[in-house]
Every structure is written in C-alpha cells, then in structure tokens.
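Chain by chain, the residues run as shown.
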Amino acid sequence: MPVYSIWIVAGQKKNTVSTWKLTERTDGTPGEWGEADKLRLMILGFNERSGYQEGEKPIWNLLRSLFSTTMKVEEKLEILERYDVPVIEDVEEEVLDMCNLGRGVYENGQKSGILLGEDKLTYRMGRLKEAMIKAGRQQEFLDAVGNMKAMDRLFAEFGI
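Residues numbered from 1 in each chain as written. Predicted model: local features only at pLDDT ≥ 70, side-chain atom pairs only at ≥ 80, totals over all residues. Heavy atoms only, no water.

**Describing the overall build of the chain**
Reasoning step 1: Along the chain, the regular secondary structure elements total 5 helices and 3 strands.
Reasoning step 2: Of the regular secondary structure in the chain, the N- to C-terminal order runs β-β-β-α-α-α-α-α.
Reasoning step 3: Looking at the chain as a whole, 22% of its 160 residues qualify as buried.
Reasoning step 4: Within the chain, counting contacts between residues at least 6 apart in sequence, those at least 24 apart form 48% of the total. (Helix = DSSP H or I, 4+ residues; strand = E, 2+ residues; numbered from the N terminus. Buried < 20%, exposed > 50% of the residue type's maximum accessible area, 1.4 Å probe, protein only. Contact = heavy atoms within 4.5 Å.)

**Quick word on helix α5 (residues 148–158)**
Reasoning step 1: What α5 keeps buried is the set Ala150, Met151, Leu154 and Phe155. Down the axis of α5, the sector holding all buried residues measures 140 degrees, keeping them to one side. Away from its buried face by more than 90 degrees, α5 exposes Lys149 and Ala156.
Reasoning step 2: Near the N-terminus of α5, the side chain that reaches the backbone nitrogen of Lys149, with its oxygen 3.2 Å away, is that of Asn147.
Reasoning step 3: One or two residues past the end of α5 sits Gly159, with phi positive at roughly 65 degrees. (Arc of directions from axis to C-beta. Polar contact = N/O pair within 3.5 Å; in protein donor to acceptor, adjacent residues only side chain to side chain.)

**Re the nonpolar core**
Reasoning step 1: Ranked by size, the top nonpolar core spans 9 residues in total: Leu128, Met132, Phe141, Ala144, Ala150, Met151, Leu154, Phe155 and Ile160.
Reasoning step 2: Listed by contribution, the elements that provide at least two residues to this core are α3 (89–134), α4 (138–144) and α5.
Reasoning step 3: Looking at which element gives the most residues to this core, the answer is α5, with 4 residues. (Core = buried A, V, L, I, M, F, W, Y, C linked by side-chain atoms within 4.5 Å.)

**As for the environment of Met1**
Reasoning step 1: Structurally, Met1 can be placed in the segment before β1 (3–10).
Reasoning step 2: Judged by relative accessible area, Met1 falls into the exposed class, the value being 80%.
Reasoning step 3: Sequence-wise, Met1 and Lys38 are 37 residues apart; in three dimensions their C-alpha atoms are separated by 6.6 Å.

**Some remarks on the pairing of strand β3 (residues 39–46)**
Reasoning step 1: Most of β3 sits inside the fold, with 6 of its 8 residues counted as buried.
Reasoning step 2: In this structure, β1 lies alongside β3, joined through 8 bridges in parallel fashion. Each residue of the ladder has a partner; that of Tyr4, found in β3, is Arg40. (Pairing = 2+ DSSP bridges.)

**Quick look at the pattern of salt bridges**
Reasoning step 1: Taken as a whole and assessed by the stated rule, the structure comprises 4 salt bridges.
Reasoning step 2: Note that Arg153 and Glu140 form a salt bridge whose closest N and O atoms lie 3.8 Å from each other. Taken as a pair, Arg153 in helix α5 and Glu140 in helix α4 lie far apart in primary sequence, 13 residues in all.
Reasoning step 3: Arg153 gets classed as partly exposed once you look at its relative accessible area, which sits at 45%.
Reasoning step 4: Ionic pairing is found between Arg153 and Glu157, a salt bridge with its closest N-O pair at 3.7 Å. Within this pair, Arg153 and its partner Glu157 are both found in helix α5, separated by 4 residues, close to a single helical turn.
Reasoning step 5: Exposure remark for Glu157: the relative accessible area of 43% places this residue in the partly exposed category.
Reasoning step 6: Each of Arg137, Glu140, Arg153 and Glu157 takes part in salt bridges that share partners, so that together they form one network. (Salt bridge = Lys/Arg side-chain N within 4 Å of Asp/Glu carboxyl O.)

Written out as structure tokens, the structure reads:
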C-alpha cells in the first residue's frame, strides 16, 4: 500500500495535481530503509481566487473554501457540510482557528508593510530636514510637514 505525502500549494494559475513516485538507488543494501517504491508525493496546486466551475473536481472547491482569506466562517462550514464532512463543535472551532490564522497572517503582513513604510518615511524626513537646514530653509520644511504634496516636491528637489 503506497504512503502519500500531500502538499497543498495555493496561488497557482490553475488547479493541478502532480504526483511523484520515489525509487531507491543505493550503494548499500537495497531495501535497508524500507520500500521506497511505496512512497508517493502529491502536490495539489490550486487557484483560490477562481470560482466554482460546473464539472470541477470537488477537492478544488473544498480547498478554496478552507484556505480562503475572504470567505466567512459560515460559508466555509456550509461547504464542509455539502461534502459530508461532519461539522461537530471541534471542527467548527478548528475552521474558526484556520480562518483567523489566515486573517492573522494577512494582517501581520499589512502591519509589517506599514511599519517598513513608516521607517522609510522617517528616514527620508530626517535626511530632508538635514538638507533643508543646511540650505537655510528650516521654515519651509516645517511648513511642508503634514502636506504630502509639498513633501514629495521637496523629496524630489533634494533627491531624497
């Protein structure tokens, strides 16, 4: 009986199934580590943004619903029930955790991006302030703070 390792990869252009069968090549004793011909690798690559299509294999709709970062928990549970996955309290909690995990990853990425942008802006503001003080234009700098059009113009003027 083969043993499968299944990898699920979201973000693909289209839904695909790829499988590999491992074979053993050894300079030692053949079969020493088990029966390599029974090991299989399967990759389910799916497009989570595509919608359900008539005649589509059910696994794709199930994967899209489970890994969606935009679908509500109730919708996910409804899809699980449609595929006869028993939805008991434990499963509902796990789906809720999984939904929150996806949202959490997304929100943390957003926060990190914002912080990086703020750090870069702070650095640029410091450089601009120094350049404008050297140019004797402190007041112009102070007047521009808070006005992004004026700041962008000054960043461009000073090459920052």
